[in-house]
Each structure stands twice: as C-alpha cells, then as structure tokens.
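Overview (structure and organization)
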Amino acid sequence: MNITVAITGASGAVFGRELLRALESDERVARVHFVASENSLRVIAEELGVSGRTDLLPKLIGGEPKKTIQHPDANIGASIASGSHPSHGMIILPCSMGTLASVANGLADSLIARAADVTLKERRPLILCVRETPFNRIHLRNMTLAAEAGAVIFPCIPAFYSKPVDSTEMARQFVCRVLAHIGLPQPGAYVWRPDE
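Procedures and definitions
- Residues numbered from 1 in each chain as written.
- Predicted model: local features only at pLDDT ≥ 70, side-chain atom pairs only at ≥ 80, totals over all residues.
- Heavy atoms only, no water.
- Helix = DSSP H or I, 4+ residues; strand = E, 2+ residues; numbered from the N terminus.
- Rg over C-alpha atoms; globule rule 2.2 N^0.38 Å.
- 1 Å grid on protein atoms, 1.4 Å probe; cavity = no way out; pocket = protein on both sides within 12 Å on 5 of 7 lines; lining within 4 Å.
- Points joined across faces, edges and corners; volume = space filled by probe spheres on them.
- Nonpolar A, V, L, I, M, F, W, Y, C, P; charged D, E, K, R; others polar.
- Salt bridge = Lys/Arg side-chain N within 4 Å of Asp/Glu carboxyl O.
- Contact = heavy atoms within 4.5 Å.
- Phe/Tyr/Trp six-rings, centres within 6.5 Å; stacked < 30°, edge-to-face > 60°.
- Buried < 20%, exposed > 50% of the residue type's maximum accessible area, 1.4 Å probe, protein only.
- Axes fitted to C-alpha atoms, helices over the stretch in contact; angles between N-to-C directions.
- Parallel < 35°, antiparallel > 145°, perpendicular 65-115°, else oblique.

Let us now look at the overall build of the protein chain. Helices and strands together make up the secondary structure of the protein chain, namely seven helices and six strands. Each helix (α) and strand (β) of the protein chain, taken in turn from the N terminus, gives the series β-α-β-α-α-β-β-α-α-β-α-β-α. Compactness check: the protein chain gives a C-alpha radius of gyration of 16 Å against a globular reference of 16 Å for 196 residues, within 12% of the reference. Each principal axis of the C-alpha distribution contributes one length, and for the protein chain these read about 50 × 40 × 30 Å.

Written out as structure tokens, the structure is:
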C-alpha cells in the first residue's frame, strides 16, 4: 500500500508520530508520503521536543526512514498532488480546524489540502482525525461538508477501556483503530472482548 500522512497544527503531535512509526514498520506498506504543515512544526516542537524541518522525519520515527519520504507543504507539484499518482488513501492526524476548512471547501491552497482534494476526487479513503473542543457551528458544518464529499471524520478521541499506561500507549491504540479502518489491522491492537 501507498499511504499519504499529514500532520497539521492541532495539538496531538504524539498521534502523528505513532502513526508514522506504525506505517514505517508495517510490511504491507510500500511507501509513505509525509507532509508536515508549517503550523505543525511549532506544535511538534512544543509537545514532543522535536524541532527542525530537514531532519524532522528521522526524529519522529526514531531512525532513518526506509519507506517514508517527506514533502514540503508548499510543494504543490509533489507526486501526491496528482490523481495519477497511485495511492491507497490519506490520513491527516491530527487535523486542525483550518485544514478541515480547506479540505471541506476545496481550497487546495497547500500540498496537504491539494492531496486531500485529490484523494476525494479519486474516491480514495480520506481520514480526517480532527482535534478541537468544543466544536463551533463552522467546525460542524465543515465536518458535514467533508463527510458528504467522502471523507471519514475520525476525531482524536482515545479509548480508556484498554487501560493505557501513558499518552504514548493511548495514541498507539488510537492509531491502531485508524489503521484498521483503512484495512491495516495492527498486531498488538486492543480488541474489546466483553465475554472473556
């Protein structure tokens, strides 16, 4: 599978980091195209203590990437901006309300928004892991517009029944649910078994 991943400027950089790590280690995934928005760089630095543009990816995944490549958000000529580029879907995690607005209204004013627009027009899975609270009417309308266009709204709402020991484990289990949704169930994913 070829997957596109974007991290935007909403809080929750740990979710994006765990997503990149899971995809980098998944043998079913051939290529990951990664884009970090300009605003995400500040959030990543504040929440994860990771800074820099050029060497961001190795810091996030914990080593040199073997299948993940990074694109600047300003590069609207990147491969993932074209519908002819083979892709099995896109995940934006976390997805800021600004990015949601761009996607919902077809602005395509950055590589992230353009790649999402292409994903929708090609009828490929687009998962928007929105991260905000509370939602105002504009947020809710934009989520409705994006869902009507074919996106899946998958809010960053971690589960607690798996009894996570820390925020990293909480993020990892959330990522497992996201990946299962696009056909990549993960080993070690918590599965609710009420009768056991």
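Okay, back to it.
Inspection of the entire model under this criterion finds one cavity of 30 Å³ or more. Lining the largest cavity are Thr-4, Ile-80, Ser-82, His-85, Ser-87, Met-90, Ala-115, Val-118, Thr-119 and Arg-124. The element best represented in the lining of the largest cavity is helix α5 (residues 111-121), accounting for three residues. Among the residues making up the lining of the largest cavity, the classes are represented as four nonpolar, five polar and one charged.

Okay, the pattern of salt bridges next. Within the structure shown, the criterion is met by 10 salt bridges. Across the salt bridge formed by Glu-122 and Lys-121, the nearest N and O atoms sit 2.7 Å from each other. Salt bridges sharing partners connect three or more residues here, namely Arg-17, Glu-18, Arg-21, Glu-169 and Arg-172.

What follows covers the side chain of Ser-37. One can find Ser-37 in the loop between β2 (31-36) and α2 (38-48). Ignoring any residue separated from it by four or fewer positions in sequence, one finds Ser-37 in contact with Ile-7, Thr-8, Gly-9, Asp-73 and Ile-112.

Moving on, we come to the packing of aromatic side chains. Counted by the stated rule, this structure contains four aromatic pairs. Judged by centre distance (5.5 Å) and plane angle (85°), the ring pair of Phe-154 and Phe-174 falls under edge-to-face. Of the two residues, Phe-154 sits in the loop between β6 (152-153) and α7 (167-181) while Phe-174 sits in helix α7, which places them 20 residues apart along the sequence. The exposure classification of Phe-154 matches that of Phe-174, with both residues buried. Centre to centre, the rings of Tyr-161 and Tyr-190 are 5.5 Å apart; their planes meet at 45°, and the pair counts as tilted. Taken as a pair, Tyr-161 in the loop between β6 and α7 and Tyr-190 in the segment after α7 lie far apart in primary sequence, 29 residues in all. The class for Tyr-190 is partly exposed, based on a relative accessible area of 35%. These aromatic residues form a ring-pair network of at least three members: Phe-15, Phe-154 and Phe-174.

Right, let's talk about the environment of Pro-155 for a bit. Among the structural elements, Pro-155 can be located in the loop between β6 and α7. C-alpha of Pro-155 to C-alpha of Ile-127: the two residues are 28 residues apart in sequence and 9.4 Å apart in space. Here Pro-155 is in contact with Leu-128, Val-130 and Phe-174, once residues within four sequence places are set aside.

This brings us to the packing of helix α1 (residues 13-25) against α2. Here α1 crosses α2 at 95°, and the two axes come no closer than 9 Å. When the axes of α1 and α2 are compared, the pair comes out roughly perpendicular. Seen from α1, the contacting residues are Ala-13, Val-14 and Arg-17; seen from α2, they are Val-43, Ile-44, Glu-47 and Leu-48.

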